[in-house]
Amino acid sequence: MPLISTFYDHILDISTQLSVSVAEALQEARSLGISQLEVSFHNGDGHTQALSRELSAAGMGISAIPAYFSFGRGADVSAQAQPVFQLAKELGADRLLVIPGFVQGRAKEAAAQAEAMLEDVALLGELADKASIRLTMEDYDNASAPYSTSAGMLRFLHACPQLSACFDTGNFRFMAEDTLSAYGALRGRIGHVHLKDRASAPDYGDDELTATDGAVLYPCPVGAGGMPIAQVLDMLRADGYQGTYTIEHYGARDMLSCLKASVAWLAPRLGLGEQRLAGAERPGVSST
């Protein structure tokens, strides 16, 4: 059965926006049918025991641990990897979403950094293999990320056999790359999915991102924007994808309402039927 995930950061947003405890926010997300979370390294570092108790009480697992690295500029790959691997072990997570870093400087210098970054990620793959940790990488929406396009992603996938593509439905738009064409390029290497939609108006959040073609993009619930997410879901299903679907809308003004709308749109398309969109009846947890 497909699993729906979201980000622990989104849970923290719900807690802050609605002035409820993190435990209440977790239970609210769980009631929607969200059974897993992406817990970034910064969320868990130094807070492992408390975080483990929170997730256990909510009956939630971990779909991935996103972690930033500083590869490509003489980094000690093993030294950077070990605390992340240790956190994954302590939390019982087996998937790391690697964000290897960003290039700087002029074209020649940036190209050299990108080449070194490929080597560092390949070494990380060898270390992850020994630690029984799976690696995935997304199409990061930053022009300084040499993995922001499908072509860039393929370079890293070819350099690191242990790496799978985390297909983010909203990030290729930042580089003005067609999402469905990107899927075709990465077909066969997709091991994780972020469902992110993009709106052209700030109806759900004011955080804006200007794409390389000048389009201004805003956060919104899955299915409420302009990304071809339904088509991506069809292709994933046809290709036999059995992984987790992570809902993402950083910058949402009302995170709980966005999560409810996203799950309501997504669940029937995954064959999960009606999800109980509870929460409004609980004192202090209403998003209206």
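What counts and what doesn't
Residues numbered from 1 in each chain as written. Predicted model: local features only at pLDDT ≥ 70, side-chain atom pairs only at ≥ 80, totals over all residues. Heavy atoms only, no water. Helix = DSSP H or I, 4+ residues; strand = E, 2+ residues; numbered from the N terminus. Rg over C-alpha atoms; globule rule 2.2 N^0.38 Å. Buried < 20%, exposed > 50% of the residue type's maximum accessible area, 1.4 Å probe, protein only. Contact = heavy atoms within 4.5 Å. Areas by Shrake-Rupley, 256 points an atom, 1.4 Å probe, with all protein chains shown as cover. Salt bridge = Lys/Arg side-chain N within 4 Å of Asp/Glu carboxyl O. Phe/Tyr/Trp six-rings, centres within 6.5 Å; stacked < 30°, edge-to-face > 60°.

Engineer: Hey, could you run me through the overall build of the protein chain in this one?
Structural biologist: Scanning the protein chain from terminus to terminus reveals 10 helices and 10 strands. Computed over its C-alpha atoms, the radius of gyration of the protein chain comes to 18 Å, within 12% of the 19 Å expected for a compact globule of 288 residues. Taking the principal axes of the C-alpha coordinates as reference, the protein chain spans close to 55 × 40 × 35 Å. The proportion of buried residues among the 288 residues of the protein chain is 54%. Excluding contacts between residues fewer than 6 apart, the proportion of contacts in the protein chain whose partners are at least 24 apart in sequence is 76%. Within the structure as shown, the protein chain displays about 12200 Å² of accessible surface, and the carbon and sulfur contribution to it stands at 50%.

Engineer: Which parts of the structure should I look at to understand the pattern of salt bridges?
Structural biologist: For side chains of opposite charge, pairing can occur when their charged atoms come near one another. Applying the stated rule across the entire model yields 10 salt bridges. Across the pair Glu 115 and Arg 155 runs a salt bridge whose closest N-O atoms are separated by 2.3 Å. With Glu 115 in helix H6 (residues 107-130) and Arg 155 in helix H7 (residues 150-159), this residue pair connects regions lying 40 residues apart in the sequence. When its relative accessible area of 36% is taken as the criterion, Arg 155 is described as partly exposed. Put simply, Asp 141 and Arg 198 hold a salt bridge, and the shortest N to O gap is 2.8 Å. Taken as a pair, Asp 141 in the loop between strand E5 (134-138) and H7 and Arg 198 in the loop between strand E7 (190-195) and strand E8 (209-210) lie far apart in primary sequence, 57 residues in all. By relative accessible area, Arg 198 is classed as buried at 10%. Here the residues in one salt-bridge network are Asp 141, Asp 168, Lys 196, Arg 198 and Glu 248, joined through shared partners.

Engineer: Could you clarify how one ought to interpret the packing of aromatic side chains in this entry?
Structural biologist: Each aromatic ring pair is described using two quantities: the centre-to-centre distance and the angle formed by the ring planes. Summed over all chains, the structure comprises eight aromatic pairs. Here the aromatic rings of Tyr 147 and Phe 156 are separated by 5.6 Å at their centres, their planes lie at 90°, and the arrangement is edge-to-face. A relative accessible area of 1% places Phe 156 in the buried class. Clustering of aromatic rings is evident, with ring pairs tying together Tyr 68, Phe 102 and Tyr 140.

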